[in-house]
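Observations on the model geometry
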Amino acid sequence: MSVADEVVRYSRLLYERGHLTLLSGNLSALADGLVVVTPTFFPKPFLEPSDLVWIDMEGRVVRGVRRPTSEWRMHVAVYKARPDVGAVVHTHDVLPVLLAERIDASLLSEAEAYLGSEIAVVPYITPGTAELAEAVASALRKSNVAILKRHGVVAVGRDLAEAVNRVEVVADLAKAAFYNMILGLWSAGRGV
Ligand SMILES: [Zn+2]
């Protein structure tokens, strides 16, 4: 399967699993030194390889008829900071973002085993800016996953399978922490 086909298939999969909404969230993978990235403002389930955009490390469009995601700076900055990374996935998952407001040490220690690193937390910075791109790239120098406060999640991997898996692991860990909190409140309320 070509890198473009993989970007399309993983975009659909992430949309169907509820990690991306129709128009928000984006992903990319490296191919021949270029970043193959999802276009801005395009419904994920209808993506075809010809809708993707190939940009160079300066963000110049080399191939494709659409405009790249407004978060292209973040993708490029991460590849520059992490030469070992071949794919970047950015979602707007709700629970990890909520959790970042009260990030809890037990979640972080569990995460290390699954993610190969701690989860980094990046303060809120306006989406699409060079400032956010630099903050995320710097957080991901030592982590494979960052939660962006009041925004979303960024995960990296050697390939899309690894990056997408990390997105799923973080979402599951957040779900587990959330249910745990609810069950704790419930059992406290019932006196059990
Ligand atoms: Zn975003």
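Just above, that's the structure.
Note that the structure is a prediction, hence the values are computed from the model and not measured.

Bringing the coordination of the zinc ion into the picture now. Around the zinc ion, the donor atoms from the protein are His 90 (NE2), His 92 (NE2) and His 151 (NE2), and they sit 2.1 Å away. On the primary sequence, the residues serving as donors to the zinc ion are separated as H-x1-H-x58-H.

With that settled, the discussion passes to the pattern of salt bridges. Scanning the entire structure with this criterion turns up 8 salt bridges. Across the pair Glu 168 and Arg 17 runs a salt bridge, and its minimum N-O distance is 3.1 Å. Of this pair, Glu 168 sits in helix α6 (residues 160–190) while Arg 17 sits in the loop between α1 (3–16) and β1 (26–31); the two residues are 151 residues apart in sequence, bridging distant segments of the chain. Given a relative accessible area of 55%, Arg 17 falls into the exposed group. Note that Arg 60 is salt-bridged to Asp 56, the shortest N-O span being 2.8 Å. Asp 56 sits in the buried class, given a relative accessible area of 14%. Salt bridges linked by common partners bring Arg 158, Glu 162 and Arg 166 together as one network.

So, about the packing of helix α2 (residues 72–81) against helix α5 (residues 130–139). At their nearest, the axes of α2 and α5 sit 8 Å apart, and the two run at 35 degrees to each other. When you trace α2 past α5, the crossing you get is right-handed. Counted together, Arg 73, Met 74, Ala 77, Val 78 and Ala 81 of α2 and Ala 130, Leu 132, Ala 133, Glu 134, Val 136 and Ala 137 of α5 form the full contact between these two elements. Classifying every residue of the contact of α2 with α5 gives 9 nonpolar, no polar and 2 charged.

This part takes up α1. Compared with an ideal rise of 1.5 Å per residue, which puts 14 residues at 20 Å, α1 spans 20 Å between its outermost C-alpha atoms and is within 8% of the ideal. Three or more residues of α1 are buried, namely Ala 4, Val 7, Val 8, Ser 11 and Leu 14. With its buried residues spanning 135 degrees around the axis, α1 presents them on a single face. Exposed residues on α1 whose side chains face more than 90 degrees from its buried face are Arg 9 and Glu 16. Contacts from the buried residues of α1 go to β1, β2 (34–37), β3 (53–55), β5 (87–91) and α6. Phi for Gly 18, located one or two positions after α1, is positive at around 85 degrees.

Moving on to the layout of surface pockets. Rolling a probe over the atoms, with the probe sized like a water molecule, indicates the empty space that remains. Here the largest pocket defines a volume of roughly 200 Å³. Along the walls of the largest pocket sit 16 residues, with Leu 23, Ser 24, Gly 25, Asn 26 and Ser 70 positioned nearest its centre. Here the residues of the lining of the largest pocket sort into 4 nonpolar, 10 polar and 2 charged. Quantified by volume, the second largest pocket comes out at close to 150 Å³. In terms of lining residues, the second largest pocket is bounded by 13 residues, among which Arg 73, Val 76, Ala 77, Lys 80 and Glu 134 are the most central. Every element with two or more residues in the lining of the second largest pocket is listed here: α2 and α5. When residues in the lining of the second largest pocket are grouped by element, the largest group, 6 residues, is from α2. Considering only residue class, the lining of the second largest pocket consists of 8 nonpolar, no polar and 5 charged.

Moving on, we get to the environment of Ala 177. Among the structural elements, Ala 177 can be located in helix α6. Note on Ala 177: relative accessible area 18%, which makes it buried. Residues Ala 177 and Arg 17 lie 160 residues apart in sequence; the distance between their C-alpha atoms is 19 Å.

Conventions used here
- For every chain, the first residue of the written sequence is number 1, and numbering continues from 1 onward in sequence order.
- Residues qualify for local features only when their pLDDT is at least 70, as the model is predicted, and side-chain atom pairs are given and counted only at 80 or more; totals for whole chains, interfaces and linings, by contrast, use all residues.
- To obtain the side-chain values, all non-hydrogen atoms of the structure were included, while hydrogens and water were left out.
- Only nitrogen, oxygen and sulfur atoms qualify as donors, provided they sit within 2.8 Å of the metal or within 3.2 Å for Na, K and Ca; with water excluded from the atoms, sites may seem incomplete.
- The working definition used for a salt bridge is a side-chain nitrogen of Lys or Arg within 4 Å of a carboxyl oxygen of Asp or Glu.
- The helix count covers DSSP runs of H or I at least four residues long, the strand count covers runs of E at least two residues long, and both are numbered beginning at the N terminus.
- Each residue is placed in one exposure class: buried if its accessible area under a 1.4 Å probe, protein chains only, is under 20% of its type's maximum, exposed if it is over 50%, and partly exposed if it falls in between.
- Here, axes are lines fitted to C-alpha atoms. For helices the fit covers the stretch in contact, and angles between N-to-C directions go from 0 to 180 degrees.
- Helix crossings are classified by the rotation of the near helix relative to the far one: an anticlockwise turn of less than a right angle makes the crossing left-handed, while a clockwise turn makes it right-handed.
- Contact between two residues is taken to exist if any of their heavy atoms lie within 4.5 Å; hydrogens are not considered.
- Charged means Asp, Glu, Lys or Arg here, nonpolar means Ala, Val, Leu, Ile, Met, Phe, Trp, Tyr, Cys or Pro, and polar covers whatever is left, Gly included.
- A helix is expected to span 1.5 Å for every residue after the first.
- The arc under discussion is defined with respect to the helix axis, by the directions toward the C-beta atoms.
- Here a cavity denotes grid points, spaced 1 Å and computed from the protein atoms alone, that fit a 1.4 Å probe unable to get out, and a pocket denotes an open set having protein on both sides within 12 Å along at least 5 of 7 lines; residues with an atom within 4 Å of a point are the lining.
- Grid points are joined across faces, edges and corners, and a volume is the space filled by probe spheres set on the points.

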